[in-house]
Amino acid sequence: MTDAVDVLDGVSPVDIHNENGQSRIVLVCEHASNHLPPSLENLGLSEAKLKEHIAWDPGALGVARQLSHLMDAPLVYANVSRLMLDINRGPGHAGSIVKVSELTLIPGNANLTAADIAGRVEAIYDPFHAALASIVGRRRNTPPWVVSIHSFTPIYKGIPRPWDIGVLHNEDERLATPLLAALNKDPELVVGDNEPYAPTDGVYHTIERHTAPNGYAGAMIEIRNDLIKDSAGEHIWATRLSEIFRDMLATDPS
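What counts and what doesn't
Residues numbered from 1 in each chain as written. Predicted model: local features only at pLDDT ≥ 70, side-chain atom pairs only at ≥ 80, totals over all residues. Heavy atoms only, no water. Helix = DSSP H or I, 4+ residues; strand = E, 2+ residues; numbered from the N terminus. Buried < 20%, exposed > 50% of the residue type's maximum accessible area, 1.4 Å probe, protein only. Polar contact = N/O pair within 3.5 Å; in protein donor to acceptor, adjacent residues only side chain to side chain. Contact = heavy atoms within 4.5 Å. Axes fitted to C-alpha atoms, helices over the stretch in contact; angles between N-to-C directions. Parallel < 35°, antiparallel > 145°, perpendicular 65-115°, else oblique. Left-handed = near helix turned anticlockwise from the far one by under 90°. Patch = residues over 30% accessible without salt bridge, like charges linked within 9 Å, V, L, I, M, F, W, Y side chains within 5 Å. Areas by Shrake-Rupley, 256 points an atom, 1.4 Å probe, with all protein chains shown as cover. Salt bridge = Lys/Arg side-chain N within 4 Å of Asp/Glu carboxyl O. Lys, Arg positive; Asp, Glu negative; His and termini not counted. Charge placed at Lys NZ, Arg CZ, Asp CG, Glu CD. Expected span 1.5 Å × (residues − 1). Bend = angle between axes of the 7 residues up to and from the residue. Core = buried A, V, L, I, M, F, W, Y, C linked by side-chain atoms within 4.5 Å.

Draft legend 1. Structural context of the side chain of Asn 42. Along the polypeptide, Asn 42 turns up in the loop between strand 2 (25–29) and helix 2 (47–50). A relative accessible area of 18% places Asn 42 in the buried class. At 3.1 Å, the side chain of Asn 42 and the side chain of Glu 47 are in polar contact. Here Asn 42 is in contact with Leu 36, Glu 47 and Leu 50, once residues within four sequence places are set aside.

Draft legend 2. Summary view of the packing of helix 5 (residues 176–183) against helix 7 (residues 231–251). For the pair helix 5 and helix 7, interaxial distance at closest approach is 10 Å and the crossing angle is 125 degrees. Here helix 5 lies oblique to helix 7, going by the angle between them. When you trace helix 5 past helix 7, the crossing you get is right-handed. Across the interface between the two elements, Pro 178, Leu 179, Ala 182 and Leu 183 from helix 5 touch Arg 240, Ile 244, Phe 245 and Met 248 from helix 7.

Draft legend 3. Local environment of a negative patch on the surface. Together, Glu 171, Glu 173, Asp 193 and Glu 208 make up a region of like negative charge exposed at the surface. Residue placement: Glu 208 occurs in helix 6 (residues 205–211).

Draft legend 4. Structural detail: helix 4 (residues 114–137). For helix 4, built from 24 residues, the straight-helix expectation of 34 Å at 1.5 Å per residue is met to within 8% by its first-to-last C-alpha distance of 32 Å. Of all bends in helix 4, the biggest is about 35 degrees, found at Val 121.

Draft legend 5. Region of interest: the pattern of salt bridges. As enumerated under the stated definition, the model contains nine salt bridges in all. Across the salt bridge formed by Glu 19 and Arg 138, the nearest N and O atoms sit 2.8 Å from each other. Here Glu 19 is found in the loop between strand 1 (14–17) and strand 2, whereas its partner Arg 138 is found in the loop between helix 4 and strand 6 (145–152), with 119 residues between them in sequence.

Draft legend 6. Here's a closer look at helix 3 (residues 60–71). A rise of 1.5 Å per residue sets the reference length of helix 3, with its 12 residues, at 16 Å; its end C-alpha atoms lie 16 Å apart and thus fit the reference within 8%. Residues of helix 3 that are buried: Ala 60, Gly 62, Val 63, Ala 64, Leu 67, Ser 68 and Met 71. If you follow the buried residues of helix 3, they end up packed against strand 1, strand 2, strand 3 (75–78), strand 6, strand 11 (217–224) and helix 7. A positive backbone phi angle near 50 degrees is found at Asp 72, which sits one or two residues after helix 3.

Draft legend 7. Focus on the environment of Asn 194. With respect to the helices and strands, Asn 194 occurs in the loop between strand 10 (191–193) and helix 6. Along the backbone, Asn 194 and Glu 52 are 142 residues apart, and their C-alpha atoms lie at a distance of 23 Å. Excluding residues within four positions of it along the chain, Asn 194 makes contact with Val 167, Leu 168, His 169 and Pro 199. At a separation of 2.9 Å, a polar atom in the side chain of Asn 194 contacts the main-chain amide nitrogen of His 169.

Draft legend 8. Focus on unusual backbone geometry. The amide bond that connects Glu 195 to the next residue, Pro 196, takes the cis arrangement and shows omega of 0 degrees. By secondary structure assignment, the location of Pro 196 is in the loop between strand 10 and helix 6. With phi around 50 degrees, Glu 41 is a residue other than glycine that occupies positive phi space. Turning to its location among the elements, Glu 41 is positioned in the loop between strand 2 and helix 2. Residue Glu 102 is not a glycine yet carries a positive backbone phi of 55 degrees.

Draft legend 9. Local environment of the nonpolar core. Ranked by size, the top nonpolar core spans 40 residues in total, and within it Leu 83, Ile 124 and Phe 128 carry the most contacts. Contributing elements (two or more residues each) for this core: strand 2, strand 3, helix 4 and strand 6. The greatest single-element share of this core, amounting to nine residues, is contributed by helix 4.

Written out as structure tokens, the structure is:
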């Protein structure tokens with residue numbers, strides 16, 4: 001199998017911010033980075049393309065880092081673009097390594113061998129999920145809440161999206177229900193329940209992997225990326241979410 005260090009040209013696939021944070025909340029940002037190892041030559045894409053949503057979730061890491069600070073919560077985030085491998089998809093899933101993202105062909109993913117794919121899984125997916133499992137596992141005495149921060153485009157394949165924020169969840173709605181209720185108190189917000197994506201779209205892998213086996217609670221948060229295009233927008237949304245989570249933590253009986 002390809003050596004993991006060689007695959008990433010020495011870059012760590014995962015970082016942990018505020019590792020010793022005391023909150024029961026564990027923050028995750030799978031699509032934090034648009035970085036690609038130099039050896040991949042941008043997978044055949046222009047620098048401009050790598051700044052688009054196809055390569056990462058703009059603004060998501062900024063919100064997650066500020067929320068980590070406000071909540072004293074650990075944050076696990078990726079250092080590699082989802083175009084190399086999407087850690088929010090299981091290995092072998094059609095969306096794990098895409099040949100087309102939205103409407104863009106990804107030339108560098110067109111002719112991968114089984115060894116190439118296995119090398120990326122070993123180098124990126126395995127260490128990321130091992131790091132997250134370790135952080136989540138330290139909170140067993142107080143069952144953790146695993147919260148993943150994402151952003152989405154205002155227009156997808158030519159179709160406008162009306163939501164400012166969406167909360168994604170499966171049948172476990174312990175976090176989603178109070179989150180949605182709190183967000184919907186603001187009449188100026190357009191809030192999506194399992195919008196603009198849902199677990200049925202295959203986008204809920206990380207949360208399910210790290211919550212369902214142990215009965216932990218989890219949810220994904222999707223913020224429209226034009227609302228968090230700068231540090232001011234990131235701060236507004238991190239502050240709003242921290243206030244909601246504080247209220248939730250204060251009233252949670254567990």
